[in-house]
Amino acid sequence: MRHAFLVLVLLILGTVAAPANANAQICSATVSAIDFGSPVLLDGNAVDATGTISVTCTSIPLLSVVKICPGIPAGSGGTDGSARLMTSPSGSLRYQLYQDAARTQPWGSIANPALGSVPGMVLAGSLAGAGTITRPVYGRLLGAQTTAPADQYRSDFLGNATSFVYGAVLLGASTDCTGFVGTGTLYPTFSVTATPARSCTIAATDLAFPAVGVLAVPVAAQSRITLTCTAQTLWAVALDAGRNPDAASTRRMKGPSGGLIAYGLYGNAGLSVRWGSGAQAVSGTGTGSAQRITVYGQVPVQRAANPGAYVDTVVATITY
């Protein structure tokens, strides 16, 4: 009788140790869109965004948990070997998905471990055998992409692009996803997007005419405007009439006792293209790198003015 009792205990323990009907659980998953917004690429900085994975399961066996291995592949944009890509008709942007907030552990798929590892998720059910687990996905639009055009960039994870393998395992089982087969697979869809903003920066050096006595011959000088605009962005630089224009909008420098000296600004070395605003603005197309434009100045022959320093302020405005 004692021997029979021991056998019965062993049979009961064996029944408890195995997950009950590992195929019974039903799971669903969603992944929120990851949108990097409208970053300014010219500053060269990385931009971070976050998405969320949510998995809900029912019919979780007693004394078991559901192990989920959420694999995220390259997406429709593919990779360049070191980062995922979002694409547009104008080009591509490099980004990456990570497991951790520090963005040091890339998130990959079981089928393509070169992208990164797959972090296991463990879902414990309630007394009713159901539960939900969430986990963030950390995205980063990589920096130093100043020459990328402003456009709408996108990478889609559709159809069977994602592969979330899941299955019931015993309490305390490893969360390692290496070689995990599971009993079911989920294929949630989501997208990664960015719409970089068109932007420009502008700076200028002073235009200093050399010191002369009488203005019996024209006096020339040059300055430089440096601008940087997002690639493929059309721009136009206008120069206003200064602080002391006459009725014909001729620019003039003011000196001692209110004396005035007329001068002109031009967009070419031959001084045939006056540089002003509207139709007289100088225009071009951005490259994402610095572009330098020479401003040609000339003081024409005119009546002698009182000796001293003559100054004017001209505002350069870039439109894009």
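What counts, and at which threshold
Residues numbered from 1 in each chain as written. Predicted model: local features only at pLDDT ≥ 70, side-chain atom pairs only at ≥ 80, totals over all residues. Heavy atoms only, no water. Helix = DSSP H or I, 4+ residues; strand = E, 2+ residues; numbered from the N terminus. Buried < 20%, exposed > 50% of the residue type's maximum accessible area, 1.4 Å probe, protein only. Contact = heavy atoms within 4.5 Å. pLDDT = per-residue confidence, 0-100. Salt bridge = Lys/Arg side-chain N within 4 Å of Asp/Glu carboxyl O.

Novice: I'd like a description of the overall build of the chain, backed by residues and values.
Specialist: Within the chain, the secondary structure is distributed over one helix and 20 strands. Considered along the principal axes of its C-alpha atoms, the chain spans approximately 130 × 35 × 30 Å. Every one of the 320 residues in the chain was classed for burial, and the buried ones make up 40%. A separation threshold of at least 6 residues defines the contact pool for the chain, and within that pool the share at least 24 residues apart is 76%.

Novice: Could you give an account of the side chain of Gln 145, with specific residues and numbers?
Specialist: Along the chain, the position of Gln 145 falls in the loop between strand 8 (131–141) and strand 9 (153–157). Beyond its immediate sequence surroundings of up to four residues, Gln 145 is in contact with Leu 41, Ser 92, Leu 93 and Arg 94.

Novice: Account for the confidence of the model for the chain, with residues named and values stated.
Specialist: Across the chain, pLDDT averages 91, with 92% of residues at or above 70. A low-confidence stretch, residues 1–23 stays under pLDDT 50, and its non-local contacts, those more than four residues away or across chains, total 10 contacts.

Novice: Now, about the pattern of salt bridges: what can you tell me, with residues and values included?
Specialist: The final tally for this structure, using the stated rule, is five salt bridges. Among the ionic pairs, Asp 48 bridges to Arg 140, the shortest N-O distance being 2.7 Å. Of this pair, Asp 48 sits in strand 3 (residues 47–58) while Arg 140 sits in strand 8, and the two are 92 residues apart along the sequence. Note on Asp 48: relative accessible area 40%, which makes it partly exposed. Asp 80 serves as the salt-bridge partner of Arg 94, at 2.6 Å between the closest nitrogen and oxygen. Here Arg 94, found in strand 6 (residues 91–98), pairs with Asp 80, found in the loop between strand 4 (64–71) and strand 5 (84–88); they are 14 residues apart in sequence, far enough to count as distant. In the salt-bridge network here, residues are joined through shared partners; they are Asp 48, Arg 103 and Arg 140.

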